[in-house]
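# A structural walkthrough
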Amino acid sequence: MKVEAVRGMTDILPEEAVLWQYVEAEIREAVAIYGYREIRTPIVERAELFARGVGETTDIVHKEMYVFPDKKGQMLALRPEATASVVRAYIEHGLYAKGGVAKLYYLGPMFRYEKPQKGRKRQFHQYGVEALGSLDPALDAEVIDLAWYIMERLGLRREGLFLRLNSIGCPEDRPRFREALREYFLPHREELCPDCKRRLEENPLRILDCKVPTCREVAAGAPRSLDHLCSGCREHFERLLGYLDALGLAHELDPKLVRGLDYYTRTVFELASRDLGAQDALLGGGRYDGLAEALGGPPTPGVGFAGGLERLILVLGEREPPDKCFRLITGPTVYLLPVGEGEVTEALRILAQLRRAGIPADMDYAGRSLRKRLQVASQLGARYALFFGEEERARGAAKVRDLGTGHEEYVPLGELVSYLRGRSRRR
RNA sequence: AGGAGCGUAGCUCAACGGCAGAGCACCGCGCUGUGGACGCGGUGGUUGCGGGUUCGAGUCCCGUCGCUCCUCCCA
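Rules used throughout
- Residues numbered from 1 in each chain as written.
- Chains lettered and ligands numbered in written order.
- Predicted model: local features only at pLDDT ≥ 70, side-chain atom pairs only at ≥ 80, totals over all residues.
- Heavy atoms only, no water.
- Patch = residues over 30% accessible without salt bridge, like charges linked within 9 Å, V, L, I, M, F, W, Y side chains within 5 Å.
- Areas by Shrake-Rupley, 256 points an atom, 1.4 Å probe, with all protein chains shown as cover.
- Salt bridge = Lys/Arg side-chain N within 4 Å of Asp/Glu carboxyl O.
- Helix = DSSP H or I, 4+ residues; strand = E, 2+ residues; numbered from the N terminus.
- Buried < 20%, exposed > 50% of the residue type's maximum accessible area, 1.4 Å probe, protein only.
- pLDDT = per-residue confidence, 0-100.
- Domains from an automatic or database assignment.
- Pairing = 2+ DSSP bridges.
- Near = heavy atom within 4 Å.
- Polar contact = N/O pair within 3.5 Å; in protein donor to acceptor, adjacent residues only side chain to side chain.
- Nonpolar A, V, L, I, M, F, W, Y, C, P; charged D, E, K, R; others polar.
- Axes fitted to C-alpha atoms, helices over the stretch in contact; angles between N-to-C directions.
- Contact = heavy atoms within 4.5 Å.
- Arc of directions from axis to C-beta.
- Parallel < 35°, antiparallel > 145°, perpendicular 65-115°, else oblique.
- Expected span 1.5 Å × (residues − 1).

## Brief notes about a nonpolar patch on the surface
There is a patch of nonpolar side chains on the surface, built from Ile43, Val44 and Phe68 and spanning about 200 Å² of accessible area. In this structure, valine 44 sits in strand S2 (residues 44-46). A relative accessible area of 36% means that valine 44 is categorised as partly exposed.

See the structure below:
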């Protein structure tokens, strides 16, 4: 029996990896310009971190998380998202002691046990930013601006995207809003789907983003979180809207946007593509002012977002790959063709010499015919073929063939590097 | 988790229940030391896996695994 990859865990082959490298490089550059620095946290965490951080009742934790005991019986989890980890690390290493706002970003694999489909794998990749230590709505605006900026850098048209925005209030508003929702939905209990009946008890907010038609009908008339904000939250939201207008960032207020994680407070948003079907969200985020405290740290407000690489690449894949992609493809400049088996030793020496001089060079190890090797050389996009055989050994030189013009000349071994370098530059 | 469709060569796909094929790719030769074109030839398969029906199964039936799409959830 052939061993195959685990379900929902896919290989990214070299051809596609080029596009990944490009997208990742753009993201890293964009967030760096905004002042965010990378943080790398472990993929494995205590399961408790996500139960407390993301929320026990969320689908992500109670249905989709990879949980397993280690050899000592400690319950561990593959991270389903990274915000909880970043905040954990922020607390653990006392980053708050530095004062100011900690601006952090991450990029890496996440894991959720779901039925795989297009743009959704069990191991998938997210990038995200977290800004910790400020309640200023200007920071919310910056984070949203950064989200748009990343899309711009990747060449996604603004018209193809839209920002969904809402405020779900602070922990003081939440119980009141929850009660209002419960009061509203209770008479309609029998019209709700089984999931929502459960949500009615556990977390009535989540009924709002249920996609079952009957639930949607009922939810259409539900109270809005925006109408239940305290004065502080209302002011925060209004100032954010003002900043977004000043930045020229379009947004659509969506009272049904509540997001799937419990830690969100106040601002929540999603940047979505109009060209994607049901799974249209390219990134999502918001404010999480209570998370640090919930994880045992000092009360620290935070705001951030996370985006999916797979989905981004899906959207980008429908367009022509930008030139920047091809800059990352490295083929050999020089392809070496030892003629006769006795010349392999010298060929290896020449290869090592060229490579140490920074000239990409390669040769065939598959035992192919000379003709075939020459063919491969041009397929790989090499500029020169370099023959070394009996004739060349006698001359202490290599025969260099320009694969563009067909011009050939003998170059003494000692001058190879300078010869090839000079040529490459002039071109 | 529920629903639908599909699994045949590395890839894209053919084959009425009756000898498993084509194109591309790969390798060789034409050219014993010279590329992109062309021509000729060749390698490559437990038809996803396991059962069943049948004289005979890639084809029909059951199961299983995987993929795709939808619902759901989300990134």
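## Considering the confidence of the model for chain A
When pLDDT is averaged across chain A, the result is 88; 95% of the residues are at 70 or more. Scored as a whole, the predicted complex attains pTM 0.89, and scored at its interfaces, ipTM 0.84.

## Focus: the domain arrangement of chain A
Each assigned domain of chain A is listed here: domain 1 (14-173 + 229-316) and domain 2 (334-426). Placing the centre of domain 1 and that of domain 2 at their C-alpha centroids yields a distance of 50 Å.

## Some remarks on the pairing of strand S7 (residues 161-167)
Where burial is concerned, most of S7 is hidden: seven out of the seven residues are buried. With burial as the criterion, each face of S7 is covered, one bearing Leu161, Leu163, Leu165 and Ser167 and the other bearing Phe162, Arg164 and Asn166. Note: S7 against strand S9 (residues 265-273), seven bridges, orientation antiparallel. Of the residues in S9, the one forming a bridge with arginine 164 is glutamate 270. As judged from the two bridges shared by S7 and strand S8 (residues 252-253), these two strands associate in the parallel manner.

## Here we look at the protein's contact with RNA strand B
The full set close to RNA strand B counts 51 residues, and Lys118, Arg120, Arg368, Lys399 and Leu403 are the nearest of them. Taking the atoms of RNA strand B that fall within 4 Å of the protein, sugar and phosphate contribute 46% of them. Leucine 282 places a polar main-chain atom, nitrogen or oxygen, 3.3 Å from a sugar or linking oxygen of RNA strand B. For the surface near RNA strand B, the element with the highest residue contribution is helix H14 (residues 370-379), accounting for six residues. The residue makeup of the surface near RNA strand B, split by class, is 14 nonpolar, 12 polar and 25 charged.

## Details of the sheet that holds S2
Read across the sheet, three strands follow the order S2-S4-S3 without closing on themselves; strand pairing throughout is antiparallel. Edge positions in the sheet fall to S2 and strand S3 (67-69), since each of these pairs with one other strand and no more. Direction aside, the axes of adjacent strands within the sheet are offset by 40° on average. Bridging between S2 and strand S4 (residues 75-78) involves three bridges; their strand directions are antiparallel. In the strand pairing of S4, valine 44 is matched with leucine 78. Packing of helix H2 (residues 47-55) onto the sheet brings it into contact with S2, S3 and S4, and relative to S2 it is tilted by some 70°.

## Quick look at the pairing of strand S14 (residues 384-388)
The element S14 is extensively covered by neighbouring structure, given that five of its five residues are classed as buried. Burial along S14 is two-sided: Tyr384, Leu386 and Phe388 facing one way and Ala385 and Phe387 facing the other are all buried. As judged from the five bridges shared by strand S12 (residues 334-338) and S14, these two strands associate in the parallel manner. Bridge pairing in S14 places tyrosine 335 opposite alanine 385.

## Some points on the sheet that holds S12
Strand order in the open sheet made by the five strands is S13-S12-S14-S15-S16, with mixed pairing throughout. A strand with exactly one partner marks an edge of an open sheet, and here the two such strands are strand S13 (361-363) and strand S16 (408-412). Strand-to-strand twist of the sheet, defined as the mean angle between neighbouring strand axes without regard to direction, takes the value 30°. Against the sheet, helix H13 (residues 344-356) engages S12, S13 and S14, with an angle of about 160° to S13. H14 contacts S12 and S14 of the sheet and is inclined by roughly 175° relative to S12.

## Quick look at helix H8 (residues 213-220)
Within H8 the residues assigned to the buried category are Cys215, Val218 and Ala219. Taken around the axis of H8, the buried residues stretch over an arc of 100°, which confines them to a single face. Away from the buried face of H8 by more than 90 degrees, exposed residues Pro213, Glu217 and Ala220 are located. Where the residues of H8 are buried, they touch helix H6 (173-185) and helix H7 (194-202).

## Some details on the packing of helix H1 (residues 14-33) against helix H11 (residues 309-317)
Where H1 meets H11, the axes come as close as 11 Å, and the angle between the chain directions of the two elements is 110°. Overall, the two elements H1 and H11 adopt an arrangement that is roughly perpendicular. Contacts between H1 and H11 involve Glu16, Leu19, Trp20, Val23 and Ile27 from the former and Leu309, Glu310, Leu312, Ile313 and Leu316 from the latter. Classifying every residue of the contact of H1 with H11 gives eight nonpolar, no polar and two charged.

## Quick look at H13
Over its 13 residues, H13 extends 18 Å from the first C-alpha to the last, a length consistent with the 18 Å expected when each residue adds 1.5 Å. Residues of H13 that are buried: Glu346, Ala347, Ile350, Leu351 and Leu354. End-on, the buried residues of H13 take up no more than an arc of 140°, which puts them together on one face. The outward face of H13, more than 90 degrees from its buried face, is lined by the exposed residues Thr345, Arg349 and Arg356. Residue glycine 358 follows H13 closely and has a positive phi angle near 85°.

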